[in-house]
Amino acid sequence: MRFLLKKLVRTVFKNWTQFFSVFLMAFLSVLFYTGLEGTWNGMKQNINHYTTRTHLATTTLQSTGLSENEVKQIKNLPDVSKISAQTEINTTTHLKGSKRYLAVSTPGTQQLSKTLQTNGQRINTKVSGIYLNEKFAQTNGLHKNSTVTVKFNNQPVKLKVAGLVNSPDKMYYTGSNDFISPQNQNYGYGFISDKTLMNKFKLPLLNNVIEIKDSNNQQVEKQIRKLIGKKYIALQTQKSNVGIATAVDRVGQIRNISILFSIIFILLAVLAMYTTIRKIIDQQQRDMATLQSLGYSNVILSLYYSMYGLLVGGIGALVGLAVAPLLSNFVMASQKPMFSLPSWKIAYTVVPLYVALGVIIICVLSALFAAQVNHGLTPAQAFRKGSTAKHGKRVLLERFPAIWNKIPFGNRWSIRDNLGNKVQMLMGLIGVIGGLALVMTGFGTKNSMDNQVDQTYGHEYVYAKKMNLSNNTSQSEINRITKQVHGEKIESVYSSLQPKGEFDRPLTILDSGSKIKLKTENQQKIKNGGVYVAEGIAKTAHIKKNQTIRLQPSFSDKTIKLKVKGIIKSSAPQGIYMTKKTWQDQGMTFKPTAILTSRHQIPQKIKNNLAVTQVVSLKEQKSNAKEMVNNLSSIFLMIQVFGILLTIVILYNLGSLSFTERSRSYATLEILGFSRNQIRNLTIIENLTITSLGWLIGVPFGYWFLSRYVTTFNTSQIIYYPFISTISIALASIIVVAAALSTVGMMGSRLKKLDMIASTKGVE
Amino acid sequence: MLSLKHVSKSYQNGSEVTHALNDVSFDIESNQVTVILGPSGSGKSTTLNILGGMDRPTSGTVTYNNNFINTESDKQLTDYRKEIVGFVFQFYNLISNLTVFENVAISAQLENKKYRNITEKYLQKVGLLKRKNNFPDQLSGGEMQRVSIARALAKSPKVLLCDEPTGALDTETSKRVFEILKKSKSKDTAVVIVTHNPLVAPIADRVIHIKDGRVDKIIDNPSPLEVEEVDWG
Ligand SMILES: Nc1ncnc2c1ncn2[C@@H]1O[C@H](COP(=O)(O)OP(=O)(O)O)[C@@H](O)[C@H]1O
Ligand SMILES: [Mg+2]
């Protein structure tokens, strides 16, 4: 084997461009999977470790406040094993010149969803100051022992910062339902002792937030509703709590990307390996036959050719494994600004080793498979195969002499050559289609997310400002403010949804509905006489139009039965909608929680009105939502880069394979008097044909792929609809076509170096 | 020692059948140079391939020291090629990305662990030891053919089969090649040279004339000439 190995290494070096593509495919598939696994698995481990260590509650009950007795009763429910009752109030503060919103809570028993200080220590539940969440403190320049003055009911309370903390149920903290990505500087949370609440805020223990550990969410929901009736607001599970679910969902999203794209790369590696080895073997027919005639057996020769797979695939896979931590850390770093986790260590399972092994095995097998062409041939037959010209094949086009006879001889040859070589053409097509699909997906995913943001904040929400109301504001006061700003009232609560609703969903009651313009699948507006459900919920709960569903809203002990009048085609938020009239017809009172207005300027008097807790502008909401999209940008960019690489590698590989094979024909054409330009034109026409064919298939395929792909980003709060702008399609096309044509340039420079004499010499 | 009996070979190409060989019988003896002579397309290469276990006859038998080799498995044929036969081709068939030394060594190591010495010995014999680190494309045609002979001899074959070994070479170079081949016969080794050039005949111990796939005549020559004595025209 010794000299065979030498031959192997020299062949690989001499044909390195061809092998490079195999190397790259093996490398990329292992790198992509392993790199992303390090991120998602690391995040998963960190989250698991964090939530276990802090005993994350399974459910959180929000209520208007409970008595000690009611708390006890909840604790004694059969499915509940542990609870921790807390009091949470919303305060404001003024930092760095702006108003900040701070949710202040008592620590409860600290047996569930334990809050930990940044150094890992538990918090002191009897502390006299306030613990602030890390990111809020940092972005506002606060640290241990600073003082902060918070306002509650317009009463200032001065507190010393006792330390910086993080809570496991707030790994992703937006601070307000009006925003979908974190605003660390504007929204924070803190913990004070029961005593501080009573002495400094002059409040009794309200027990309005109960952390629960239970064994059956739905059962507990029913029992609690029965127990506390109108005091019930909502029950959040780990799946519906944005603070937890977003982090967990992100793990799944990155995992989906890693699996999906690695599969594509592995498939292409197989293709590249097979065609490359196949070509090498074709070129080496004579060598193989010679070795056979010397007495090397077919088994040895097959083994020998499978070594190409082992060598090239093996190096690719190993380098992929070696480089992967860089990618893992890069993607991990992009997630840090969004989430609060105590650790950001990357972590791997053994799966990357299997993936690497799998890639190597696949490379070896496809090489072995490609090497079977000489199997069963006697050396004499193998020689003949190696020395005689390729079996000439006629193509379909020749049946149409009218067209065929008009084609110049040079092109006839290249057409025969291409159509006669289906694997090669298929490979070129797949390169263009695959590359285009990936680049389109890279652009399109961002487009789809941007489009979601534009749709929600601009087409569905068409107000300029949203004024959130404090919940004890009188109807007359609300009416007065509404009139002043020409506003429109909405009520946002939660509601359970039966059957199969899983957890409490946002329920919005619209007054007139002109500032929130939602449309059904059939482009209908929201009308009286029924309930509307957003598409994402309808899908997971299997709800169809005209079906009757049961709702149990917050602040109510009633169950209302309504027919589903339509499925709302909207990305976010995934909620339930009805008109004020429908609501009132069910005997419910309309208690607005916010006023929407088209006015951009809200009078200072209203802003200062205690009834208005906060004024949110659509513009802020929109730019905040964009941040969420930008956070994923590095991943989209990666997909695009990989897509472009893929196209170049496959097409270059292809060009270079056929170049070697045809150099003799090119030289012959040249000897016959064809100019180099004419020959180059042949390759350009050929390349253009494959590229345009690939483009024609690639655009619809790319869109289909995108539409599958964006759904992997769906969460229980947001679903995505595929959207790609014309500009993106154009850009993706230009990139891919340019990549495809750049390979012609590379061919051109090889054509220049083509040695007429050398390439015709040596073989009869 | 090597004999063909009633060997026929036909090729099927679609509906077209070519009868390349038709009932061919003859013997090859060691310590002899046998020349197979005939015009192009007469079936010489086909004969040689069958002798060398490179191809199987359609009918008839091939025996080596009374063992049938036409009925053997692929594995046994491979062993036969490995241990008994050495091949020299018209177009040398050197492996282009192995050096001269490696091209010979890849054959020598099949039979012998001490391939290094053997390789150098045969390169010395064909006068190319100095070029051992060159790649084939740096050699002339005659040099390449001498390497290919060294490669065949390095296995110490019992039968050296040469298909038009000088077909691509000029007269002077050809003489050098024939000299080496003629010297290669021994009491263990038979040399078989296929050619369409009748001028080669005088150097042979036995000449087998082939025409249209049949043996035309077999002439034994008790006193063959040296290569130098032949008038090469
Ligand atoms: N694989 C093959 N398929 C069809 N015909 C063949 C094949 N190999 C050889 N022949 C035919 O067999 C005949 C003898 O060929 P060959 O032995 O190569 O002749 P020579 O070596 O004497 O020139 C020729 O007519 C040739 O065309
Ligand atoms: Mg011949």
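Definitions and cut-offs
Residues numbered from 1 in each chain as written. Chains lettered and ligands numbered in written order. Predicted model: local features only at pLDDT ≥ 70, side-chain atom pairs only at ≥ 80, totals over all residues. Heavy atoms only, no water. Pairing = 2+ DSSP bridges. Helix = DSSP H or I, 4+ residues; strand = E, 2+ residues; numbered from the N terminus. Axes fitted to C-alpha atoms, helices over the stretch in contact; angles between N-to-C directions. Contact = heavy atoms within 4.5 Å. Buried < 20%, exposed > 50% of the residue type's maximum accessible area, 1.4 Å probe, protein only. Parallel < 35°, antiparallel > 145°, perpendicular 65-115°, else oblique. Left-handed = near helix turned anticlockwise from the far one by under 90°. Domains from an automatic or database assignment. Salt bridge = Lys/Arg side-chain N within 4 Å of Asp/Glu carboxyl O. Polar contact = N/O pair within 3.5 Å; in protein donor to acceptor, adjacent residues only side chain to side chain. Nonpolar A, V, L, I, M, F, W, Y, C, P; charged D, E, K, R; others polar. Buried area = accessible area lost by both parts, 1.4 Å probe. Near = heavy atom within 4 Å. Areas by Shrake-Rupley, 256 points an atom, 1.4 Å probe, with all protein chains shown as cover.

**A look at the sheet that holds strand S9 (residues 206-211) of chain B**
All names here are of chain B. Overall, mixed pairing links the six strands, which are arranged S6-S7-S8-S3-S9-S10 in an open sheet. Here the strands that pair on one side only, and so sit at the sheet edges, are strand S6 (85-88) and strand S10 (214-220). Taking the axes of each pair of neighbouring strands and ignoring which way they run, one obtains an average angle of 15° across the sheet. Bridge analysis of strand S7 (residues 159-163) against strand S8 (residues 190-195) gives five bridges, and the strand direction is parallel. Paired with leucine 160 across the strands is valine 191, a residue of S8. Against the sheet, helix H5 (residues 141-153) makes contact with S6 and S7, and its axis sits at roughly 175° relative to S6, the strand it touches most. Relative to the sheet, helix H6 (residues 171-183) contacts strand S3 (33-37), S7 and S8, its axis offset from that of S8 by approximately 150°.

**A closer look at the pairing of strand S19 (residues 594-597) of chain A**
Residues and elements named next belong to chain A. The two faces of S19 match: Ala594 and Leu596 on one face and Ile595 and Thr597 on the other face are all buried. In the sheet, strand S12 (residues 465-469) pairs with S19 via four bridges, with the strands oriented antiparallel. The partner of methionine 467 across the bridge, within S19, is isoleucine 595.

**Things to note about the packing of helix H7 (residues 242-283) of chain A against helix H10 (residues 351-370) of chain A**
Residues and elements named next belong to chain A. Viewed as axis vectors pointing N to C, H7 and H10 meet at an angle of 30°, and their least axial separation amounts to 8 Å. Here H10 runs roughly parallel to H7, going by the angle between their axes. The hand of the H7/H10 crossing is right-handed. The residues of H10 that touch H7, namely those facing Ile266, Val270, Met273, Tyr274, Ile277, Arg278 and Ile281, are Val355, Val359, Ile362, Cys363, Ser366, Ala367, Phe369 and Ala370.

**A closer look at the sheet that holds strand S1 (residues 2-13) of chain B**
Across a sheet, strands are paired by hydrogen bonds formed along the backbone, either parallel or antiparallel in direction. Residue and element names in this part refer to chain B. If you trace the four strands from one edge of the open sheet to the other, you get S2-S1-S4-S5, paired in antiparallel fashion. Bordering the open sheet on either side are strand S2 (16-28) and strand S5 (67-68), each of which pairs with just one other strand. As defined by bridge partners, S1 adjoins S2 across nine bridges and the pair is classed as antiparallel. Directly across from serine 10, in S2, lies its bridge partner histidine 19.

**Comments concerning the domain arrangement of chain A**
Residues and elements named next belong to chain A. Parsing chain A into structural domains produces domain 1 (1-56 + 242-388), domain 2 (59-241), domain 3 (421-459 + 621-764) and domain 4 (465-599). Centre-to-centre, using C-alpha coordinates, domain 2 lies 52 Å away from domain 3. Taken together, the nine residues of domain 2 in the interface contact nine residues of domain 3. Inspection of the domain 2/domain 3 interface yields zero salt bridges. Put simply, domain 2 and domain 3 have three residue pairs in polar contact (both at pLDDT 80 or more) between them. Considered class by class, the residues forming the side of domain 2 that touches domain 3 number four nonpolar, three polar and two charged.

**Concerning the domain arrangement of chain B**
Interface extent is often summarised as the accessible area lost during association of the parts. All names here are of chain B. Domains assigned within chain B are domain 1 (1-84 + 157-177 + 184-228) and domain 2 (93-156). One C-alpha centre belongs to domain 1, the other to domain 2; they are set 23 Å apart. Contacts between the two partners involve twelve residues from domain 1, matched on the other side by 13 residues from domain 2. At the boundary of domain 1 with domain 2, total buried surface from both sides reaches about 1100 Å², with 62% on carbon and sulfur atoms. Remark: the boundary between domain 1 and domain 2 carries zero salt bridges. Where domain 1 touches domain 2, the interface holds two residue pairs in polar contact (both at pLDDT 80 or more). Listed by contribution, the elements that provide at least two residues to the side of domain 1 that touches domain 2 are helix H2 (74-83) and H6. A breakdown of the residues in the side of domain 1 that touches domain 2 according to their chemical character gives five nonpolar, two polar and five charged.

**Concerning the site of ligand 1**
If you check the shell around ligand 1, you find 13 residues, and the closest are Gly41(B), Gly43(B), Lys44(B), Ser45(B) and Thr46(B). Surrounding ligand 1 is a set of residues that belongs to chains A and B. Residue Ser45(B) places a side-chain N or O atom 2.7 Å away from an oxygen atom belonging to ligand 1. Protein chains bury 73% of the 560 Å² of accessible surface belonging to ligand 1 in isolation. Mapped by element, the contributors of at least two residues to the shell around ligand 1 are S1, S2 and helix H1 (44-51) of chain B. In terms of residues, the shell around ligand 1 owes the most to one element, H1(B), which gives three residues. In terms of residue class, the shell around ligand 1 is built from three nonpolar, eight polar and two charged.

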